[in-house]
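Close look at the chain arrangement
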Amino acid sequence: MFLLQYGQEPVPKHISVRGAGEELLWEPIIGIVVETGIGWVLLESGIGRAVLQDPAALDILYPGVAKPWALEGDPLGSALASVGLTIQDIKLAAISHLHCDHSGGVAQLAAAGVPVLVQQEELDFAMERATLSDGYYPSDYTRAVDWQGLAGDAEIAPGVLALSTPGHAPGHMSYQVELDESGTWLFAIDAADLAENLTDRKPPGQTVLPDDLPRAQASLLRLLERSASLKSARLVPGHDQLFWNAVRHPAGGYR
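The sections below set out a description of the structure shown in this document. (Residues numbered from 1 in each chain as written. Predicted model: local features only at pLDDT ≥ 70, side-chain atom pairs only at ≥ 80, totals over all residues. Heavy atoms only, no water.)

**A closer look at the sheet that holds strand β8 (residues 154-157)**
- Strand order in this open sheet of 5 strands is β8-β9-β10-β11-β12, and the pairing throughout is mixed. At either margin of the open sheet sits one strand with a lone partner, and together these are β8 and β12 (234-237). Across the sheet, the axes of successive neighbouring strands diverge by a mean angle of 25 degrees, strand direction being ignored.
- Taken together, the 5 bridges between strand β9 (residues 160-164) and strand β10 (residues 173-179) define a ladder with antiparallel strand orientation. Looking at the pairing, Leu161 lines up with Gln176 of β10.
- Against the sheet, helix α8 (residues 213-230) makes contact with β9, β10, β11 (183-189) and β12, and its axis sits at roughly 170 degrees relative to β11, the strand it touches most. (Pairing = 2+ DSSP bridges. Helix = DSSP H or I, 4+ residues; strand = E, 2+ residues; numbered from the N terminus. Axes fitted to C-alpha atoms, helices over the stretch in contact; angles between N-to-C directions. Contact = heavy atoms within 4.5 Å.)

Quick look at the structure:
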């Protein structure tokens, strides 16, 4: 398993942590690629070059002077190349939700014929109602894609589980990965942006749907309880640069 970073984005802390202030954090845009019995599986496709080159969209998605940055060229392709892979090596992809910092590689995956898994609730919202003001960049995903809609928890590949954790987005999901040597990994993605969400049991500060805070809180507690029950599991927040640096994969990846 390799832990990828596509770039960074500027995020006011109150978006990541309920009740926090305006402090601007530079948060990592992450991905995970896991070798499984069906081949390489990608979890999260990062931010795309298209939105980074769309100033009008960026001004809505990231108000203020600071804007996100990403690896040169195609961020997904560049991140995979850094661990010796190409998009053609990916047999299956999953996207936790379709915000612009997660959907940026969908077009490249579609062009390579890679099926893309997402919760059906999230796909329906993104296709029918989502706007730039909600954090979505429809140009990333409103095209011919081999979508595979999920309805709740599912094993998406041997040793890789999708966990339904709605709240931050209507159909958000997190992941559980089982590895032979390093054990169980729980990737919260945006159900918990920062270590502070986990240690203080505080949900994300932003939910796409205003009434979804209870679901966000329930999803956070679900991950914490699951982590405790699995004992040796690593629970990894989705946008914490210090945490991501600390768990950066060793040479050859985690096994």
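Here the narrative resumes.
**Considerations on the packing of aromatic side chains**
- Within the structure shown, the criterion is met by 4 aromatic pairs.
- Taking the centre distance of 5.9 Å and the plane angle of 10 degrees together, the rings of Trp185 and Phe187 count as stacked.
- The exposure class assigned to Trp185 is buried, which follows from its relative accessible area of 0%.
- Three or more aromatic residues joined by ring pairs make a cluster, and in this case those are Trp185, Phe187 and Tyr254. (Phe/Tyr/Trp six-rings, centres within 6.5 Å; stacked < 30°, edge-to-face > 60°. Buried < 20%, exposed > 50% of the residue type's maximum accessible area, 1.4 Å probe, protein only.)

**Some points on unusual backbone geometry**
- At Ile189, a residue that is not glycine, the phi angle is positive and equals roughly 55 degrees.
- Secondary-structure assignment places Ile189 in strand β11.
- Note on Ile189: relative accessible area 1%, which makes it buried.
- One non-glycine residue, Lys231, adopts positive backbone phi at about 65 degrees.

**Focus: the pattern of salt bridges**
- Taken as a whole and judged by the stated rule, the model has 5 salt bridges.
- Between Arg215 and Glu121 there is a salt bridge, with the nearest N and O atoms lying 3.2 Å from each other. With a gap of 94 residues between them, Arg215 in helix α8 and Glu121 in helix α6 (residues 120-128) connect regions that are remote in the sequence.
- Accessibility expressed as a relative area gives 40% for Glu121, which makes it partly exposed.
- Linking Arg215 and Asp212 is a salt bridge whose minimum nitrogen-to-oxygen distance equals 3.0 Å.
- By relative accessible area, which is 28% here, Arg215 ends up partly exposed.
- Through salt bridges with shared partners, a single ionic network connects Glu121, Asp212 and Arg215. (Salt bridge = Lys/Arg side-chain N within 4 Å of Asp/Glu carboxyl O.)

**Let's talk about the pairing of strand β7 (residues 147-150)**
- Where strand β6 (residues 116-119) and β7 come together, 4 bridges link them in parallel fashion. Counted as the bridge partner of Val118 is Gly149 from β7.
- Once the chain exits β6 it traverses α6 before rejoining the sheet at β7, and the crossover so formed is right-handed. (Right-handed = clockwise from strand over helix to strand, strands pointing away.)

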